[in-house]
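# Structural description and commentary
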Amino acid sequence: MMVMKKQAFLIGFSIVAAMAAAVNAQQSQPPAPPQAPEQASREGTIVRNVNLVDILFSVVTKREKLVTDLNKEDFKVFDDGMQQEITSFSQPTDLPLRIGMVLDTSNSIRDRLKVEQDAAIDFLFNALRRDRDQAFLMTFDDGPQIIEDFTGDGGDLRDTILKQRAGGGTALYDAVYAASQQLLSKSPLPAGPNPDVRRVLVVISDGDDNSSNRSRGAAVEMAQRAGVIIYAISTSTQWLDIGEERDPSKRINRKYAKDEGDHVLEQLAGETGGRAFFPYRVDDLGQSFLDIGDELRHQYALGYNPGGRTPDGRFHTIRIQVNRKDVIVRSRKGYYSFSMPPSSAPPAAPSNP
């Protein structure tokens, strides 16, 4: 009996020791490799093969009319000046939208805040589709603040927008930087096998900046790394006086002169494949938002593999050429090649251009 107990004890001890060794071995193993290319985590970070470059872009006439009937054979794409083979192409795509609505609530737009609020609410109610699109709301004065996280409820966004008040400095570049990070790392992904979404920033501001810690170049860089398209709407009214507002006949012949803030908005939009709007009258704000919504649902998509390149973290230029006269291609100006998700290593801020 004593021998049997001793044997049982030794067997039990051996089992426990084996289990402990297995646990220790498992804990000492290196971490699992990164997700496979094109796979997306539920937290919202998409990890892509660095050798695959995806581009969303719009084609318009010189009068800003969308061109939606082009085929793969109508396009050529150049990476750092070298033509690439287009490996994937689709005509105007309608991906789920992830929108960052960025409202300037600084003291400089105090007399225009109500106009901003009404226009933003109108856009969100028209742009958001139930169970498909989501948006978050960010305001900025001395710094950016996310005041409503991602939601598809236009009513919640409206109520939050109407509560905002103006005051403080203007940290536009910090807001664009932070909102781009939010879209990259926190965008809720749709259910199903296709995790792709379209990330968009809608910035309503006069384009002035007097409080940012980030530079304009850093803001543009982060938007490009995050694959964000920026649409900017200027609230500048320096060029509009009461006399012309009362006399429509004078408005017709008036030439619009953009100020420095307007040029800032143009750069933010142009570098990311978006567009800047300069509404002449308050009523034109609504039309600007309608134009943004229309363009977002009529964009082409193409992809290519830049051969012979290893991830170098550098910026590489993109140029899309179209085989049709008198049209304009709007796309991001380039991309950064990474072997890891951009969110894992925030970029250093370049000098202000």
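Residues numbered from 1 in each chain as written. Predicted model: local features only at pLDDT ≥ 70, side-chain atom pairs only at ≥ 80, totals over all residues. Heavy atoms only, no water.

Pairing within the open sheet is mixed, and its 6 strands lie in the order S9-S8-S7-S10-S11-S12. Here the strands that pair on one side only, and so sit at the sheet edges, are strand S9 (144–151) and strand S12 (275–277). Between one strand axis and the next, the sheet turns through 15 degrees on average, direction left out of account. Running over the sheet, helix H8 (residues 260–270) touches strand S10 (198–205), strand S11 (229–234) and S12 and is turned about 160 degrees from S11. (Pairing = 2+ DSSP bridges. Helix = DSSP H or I, 4+ residues; strand = E, 2+ residues; numbered from the N terminus. Axes fitted to C-alpha atoms, helices over the stretch in contact; angles between N-to-C directions. Contact = heavy atoms within 4.5 Å.)

Positive phi outside glycine occurs at Asp80, with the angle close to 50 degrees. Here Asp80 is to be found in the loop between strand S4 (75–79) and strand S5 (82–84). Under the relative-accessibility criterion, Asp80 is labelled partly exposed at 34%. In this structure, Asp131 is a non-glycine residue whose phi angle is positive, near 60 degrees. When you line up the elements, Asp131 lands in the loop between helix H2 (113–127) and strand S8 (134–140). (Buried < 20%, exposed > 50% of the residue type's maximum accessible area, 1.4 Å probe, protein only.)

A few words on the confidence of the model for the protein. Looking at the protein as a whole, the pLDDT averages 78, with 75% of positions reaching at least 70. Scored below 50 in pLDDT, residues 1–50 makes 45 contacts in the model with residues more than four places away or belonging to other chains. Below a pLDDT of 50 lies the segment residues 251–255, which in the model reaches 8 contacts outside its immediate sequence neighbourhood of four places, other chains included. (pLDDT = per-residue confidence, 0-100.)

Taken across its 6 residues, strand S13 (residues 299–304) has 6 buried, putting it largely inside the fold. What you see with S13 is no split at all: Gln299, Ala301 and Gly303 on one side and Tyr300, Leu302 and Tyr304 on the other are buried throughout. In this structure, strand S3 (residues 53–61) lies alongside S13, joined through 5 bridges in antiparallel fashion. Residue pairing across strands places Asp54 opposite Gly303, the latter belonging to S13.

Looking now at the pattern of salt bridges. This model, assessed by the stated rule, comprises 10 salt bridges. The closest approach of N and O atoms between Arg158 and Asp159, which form a salt bridge, is 3.2 Å. By relative accessible area, Arg158 is classed as partly exposed at 33%. Among the ionic pairs, Arg330 bridges to Glu295, the shortest N-O distance being 2.6 Å. With Arg330 in strand S15 (residues 327–330) and Glu295 in helix H9 (residues 283–296), the pair connects residues that are 35 residues apart, well separated along the chain. According to the relative accessible area criterion, Arg330 is buried, its value standing at 11%. One salt-bridge network, held together by shared partners, links Glu64, Arg275, Glu295 and Arg330. (Salt bridge = Lys/Arg side-chain N within 4 Å of Asp/Glu carboxyl O.)

Attention now goes to the packing of aromatic side chains. Tallied over the full model, the rule gives 7 aromatic pairs. Consider the rings of Phe57 and Tyr300, whose centres lie 5.5 Å apart with planes at 20 degrees: the pair is stacked. Of this pair, Phe57 sits in strand S3 while Tyr300 sits in strand S13, placing them 243 residues apart in sequence. For the pair Phe57 and Tyr300, a shared accessibility class is recorded, and that class is buried. Taken together, the ring pairs in this structure connect Phe57, Phe75, Phe89 and Tyr300 into an aromatic cluster. (Phe/Tyr/Trp six-rings, centres within 6.5 Å; stacked < 30°, edge-to-face > 60°.)

Once that is clear, we can look at the pairing of S4. Summarising burial for S4: 4 of the 5 residues are buried, a large majority. Examined bridge by bridge, S4 and strand S14 (residues 315–322) share 5 bridges and lie antiparallel to one another. Across the sheet, the residue bridging to Phe75 is Val322, located in S14. The turn linking S4 back onto S5 is made up of 2 residues, and Asp80 within it adopts a positive phi angle of 50 degrees.

Attention now goes to the packing of helix H4 (residues 172–186) against helix H5 (residues 216–225). Contact geometry of H4 with H5 gives a least axis separation of 8 Å together with a crossing angle of 15 degrees. In terms of axis orientation, H4 runs roughly parallel to H5. When you trace H4 past H5, the crossing you get is left-handed. Between H4 and H5, the contacting residues are Tyr173, Val176, Tyr177, Ser180 and Gln181 on the first element and Arg216, Ala218, Ala219, Met222 and Ala223 on the second. Taken together, the residues of the contact of H4 with H5 sort by class into 7 nonpolar, 2 polar and 1 charged. (Parallel < 35°, antiparallel > 145°, perpendicular 65-115°, else oblique. Left-handed = near helix turned anticlockwise from the far one by under 90°. Nonpolar A, V, L, I, M, F, W, Y, C, P; charged D, E, K, R; others polar.)

Before going further, it helps to examine the environment of Leu268. Summarising the element assignment, Leu268 is placed in helix H8. Sequence separation between Leu268 and Ala232 is 36 residues, and the spatial gap between their C-alpha atoms is 7.7 Å. With residues near it in sequence (within four places) discarded, Leu268 still touches Leu172, Val176, Val220 and Ile230.

In this fold, Gln117 is placed in helix H2. A relative accessible area of 5% means that Gln117 is categorised as buried. A distance of 3.3 Å separates a polar atom in the side chain of Gln117 from the backbone oxygen of Gln164. What Gln117 contacts, discounting residues up to four positions off in sequence, is Ile161, Leu162, Gln164 and Arg165. (Polar contact = N/O pair within 3.5 Å; in protein donor to acceptor, adjacent residues only side chain to side chain.)

Turning our attention to helix H3 (residues 154–162). For H3, the complete set of buried residues consists of Gly154, Gly155, Leu157, Thr160 and Ile161. The secondary structure elements touched by the buried residues of H3 are strand S7 (97–104), H2, S8 and S9. The opening residue of H3, the one whose side-chain oxygen lies 2.8 Å from the backbone nitrogen of Gly155, is Asp153.

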